[in-house]
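Letter by letter, the chains look like this.
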Amino acid sequence: MSKITAFFTELMRKYLPDPFVFAILLTLLTMVLAFAVESRPINLVVQDWGKGFWSLLAFTTQMAVILVMGYVLAAAPVVDRFLNRIAALVNTPRGAIIMATVVGCVGSYLNWGFGLVIGGIMAKKLALRVKGVHYPLIIASAYTGFTMYSLGLSATIPVLISTKGHSFEKQMGIIPLSETIFSPHILLTALAVLIVLPLINAAMHPKAGEKVTEISPELASNEEAKGASAANLLGDEKTFAGRLNNSRILSWLIGLTGMAFVAMHFMQNGSLDLNMINFFILFLGILLLGTPMKYVEKVNEGVKTIGGIILQFPFYAGIMAIMHASGLVESIAHVFVSFSTAYTLPLWGLVSSFFINFFAPSGGGHWVLQGPFMIEAAKTLGASQAHTAMSVMLGNGWNDLVQPFWILPALALSKLKLKDIMGYTVVSMFVVGAIYIGSSLFWP
């Protein structure tokens, strides 16, 4: 395992560019493919890109909000105390790797924005507490838990197709969650990932005598300095303005009002969409933080983790626009589907989804591009629509292990570079891929 890990780590160190550079190169590659493979005139390719660049601006804002709110929840005092108690139970480097992976897995299963952040926070706590932990590996391990989002409660595609009035309802109908993420097969797949992934990550930890990179003293001192800066933000509680800024009553009043709206929304059979999820976790965060200024403090910290996503999401929106207008998605999917049967369609749907996710690293946007082709293929071959849709979702979650876009919050939290951690996620990607492929082939 040490030799395999060292190989991929050195490979990433030499050849993997910054995530923003990766997005630029991917944009240029997509343009070339649209011209060379689909014979799309280059002037139209550039127009497709420019017109699509801001097409997901509202969605970008939703993504930014859910990540910041996820950070706020993960950093709330009650959650922080819970994480500290868990961290106190761990005393060995490999135990720390396992715990960071499990927290990342469970958090991502509950909500992808929450999981993407809480795993990194837990990893830093363990790196500070447990001597001898290889810091790049524990950050990478926490991030690998993000793949569990594709099997969990916020998995975009199964949640979408279970909602009345979704975009493809006429073509495939409404698929209940009991046939996708809550089916026994997918629950067993999630359990397999939860057991195997932490053990694989722990096996990658350097052995005794091998080089270990612990968390830097500068980063540790920065963590200690956060408390002092937070105290400055809270201000003087003796003034009238200070008492308002630090009023628990105000937080409780507005927080409970928000919760009342959520309750009324679902009592009136309202749907669970991304805006409602954001609304819920925003006001839950206000309640958990206790005062307006404590909430502002954590929001300010959270915003620092999403700068890369705000910058890069429009580039991926442009890439998706080229893919859609040129027909590249259909061509990629057709290569795999052309030799599929009703039995193997989910397998090739998984594999094609893995490749498409490099260009469209968003579950919702990904499904808009690949969904129509997969739905028709399932109809033609007589394959299960639920199984086929989940294969696209799993391909998305599988590729996220090596798609630099979603690693950005982990990099911002850890102050590491992409090349420091990607070698480890590549190894995890192979293991998770084996589980997902097996899941696709042996679906009952």
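Residues numbered from 1 in each chain as written. Predicted model: local features only at pLDDT ≥ 70, side-chain atom pairs only at ≥ 80, totals over all residues. Heavy atoms only, no water.

- Going by what an unreviewed UniProt entry lists, the protein is known as TIGR00366 family protein and is assigned to Comamonas squillarum.

1. Some remarks on the overall build of the protein
In step 1: Looking only at helices and strands, the protein has 23 helices and 0 strands in total.
In step 2: For 444 residues, the compact-globule formula gives about 22 Å, and the C-alpha radius of gyration of the protein, at 22 Å, lands near that figure.
In step 3: Seen through its principal axes, the protein has C-alpha atoms that stretch 70 × 60 × 50 Å.
In step 4: The buried share among the 444 residues of the protein stands at 55%.
In step 5: By sequence separation, contacts in the protein at least 24 residues apart represent 81% of the contacts at least 6 residues apart.
In step 6: A total accessible area of about 19100 Å² is found for the protein, and carbon and sulfur atoms account for 69% of it.
In step 7: With 27 positive and 21 negative side-chain charges, the protein shows a separation of 6 Å between the mean positions of the two kinds. (Helix = DSSP H or I, 4+ residues; strand = E, 2+ residues; numbered from the N terminus. Rg over C-alpha atoms; globule rule 2.2 N^0.38 Å. Buried < 20%, exposed > 50% of the residue type's maximum accessible area, 1.4 Å probe, protein only. Contact = heavy atoms within 4.5 Å. Areas by Shrake-Rupley, 256 points an atom, 1.4 Å probe, with all protein chains shown as cover. Lys, Arg positive; Asp, Glu negative; His and termini not counted. Charge placed at Lys NZ, Arg CZ, Asp CG, Glu CD.)

2. Section: the packing of helix 2 (residues 19-36) against helix 17 (residues 307-326)
In step 1: It is at 10 Å that the axes of helix 2 and helix 17 come closest, and there the two elements cross at 15 degrees. In terms of orientation, helix 2 and helix 17 fall into the roughly parallel class. Handedness of the helix 2/helix 17 crossing: left-handed. The segment helix 2 lies against helix 17, with P19, F20, F22, A23, L26, T27, T30, M31 and A34 engaging L311, Q312, F315, Y316, I319, I322, M323 and S326.
In step 2: A per-class count over the contact of helix 2 with helix 17 returns 13 nonpolar, 4 polar and no charged. (Axes fitted to C-alpha atoms, helices over the stretch in contact; angles between N-to-C directions. Parallel < 35°, antiparallel > 145°, perpendicular 65-115°, else oblique. Left-handed = near helix turned anticlockwise from the far one by under 90°. Nonpolar A, V, L, I, M, F, W, Y, C, P; charged D, E, K, R; others polar.)

3. Brief notes about the nonpolar core
A general trend in soluble globular proteins is that nonpolar side chains are found buried together.
In step 1: W112, I138, W367, W406 and Y436 are the most contacted members of the largest nonpolar core, which has 136 residues in total.
In step 2: Counting residues per element, this core draws most heavily on helix 4 (residues 57-75), which supplies 11 residues.
In step 3: In this view, W367 contacts I157, L160, I161, F168, M172, P372, I375, A389 and V392; residues no more than four positions away in its chain are not counted. (Core = buried A, V, L, I, M, F, W, Y, C linked by side-chain atoms within 4.5 Å.)

4. Here we look at the packing of aromatic side chains
In step 1: What the rule picks out here adds up to 23 aromatic pairs.
In step 2: Both rings, one in F20 and one in F315, keep their centres 5.4 Å apart while their planes meet at 85 degrees; by these two values the pair is edge-to-face. Separated by 295 residues along the polypeptide, F20 in helix 2 and F315 in helix 17 bring together distant segments of the chain.
In step 3: Take F315: its relative accessible area is 17%, and that puts it in the buried class. (Phe/Tyr/Trp six-rings, centres within 6.5 Å; stacked < 30°, edge-to-face > 60°.)

5. Looking at the packing of helix 5 (residues 77-87) against helix 7 (residues 112-129)
In step 1: Between helix 5 and helix 7, the shortest axis-to-axis distance is 10 Å and the interhelical angle comes to 45 degrees. By the angle between their directions, the pair helix 5 and helix 7 is classed as oblique. For the element pair helix 5 and helix 7, the recorded crossing hand is right-handed. Only I118, I121, M122, K125, L126 and R129 of helix 7 make contact with helix 5, whose side of the interface consists of V79, D80, L83, N84, I86 and A87.
In step 2: By residue class, the composition of the contact of helix 5 with helix 7 is 8 nonpolar, 1 polar and 3 charged.

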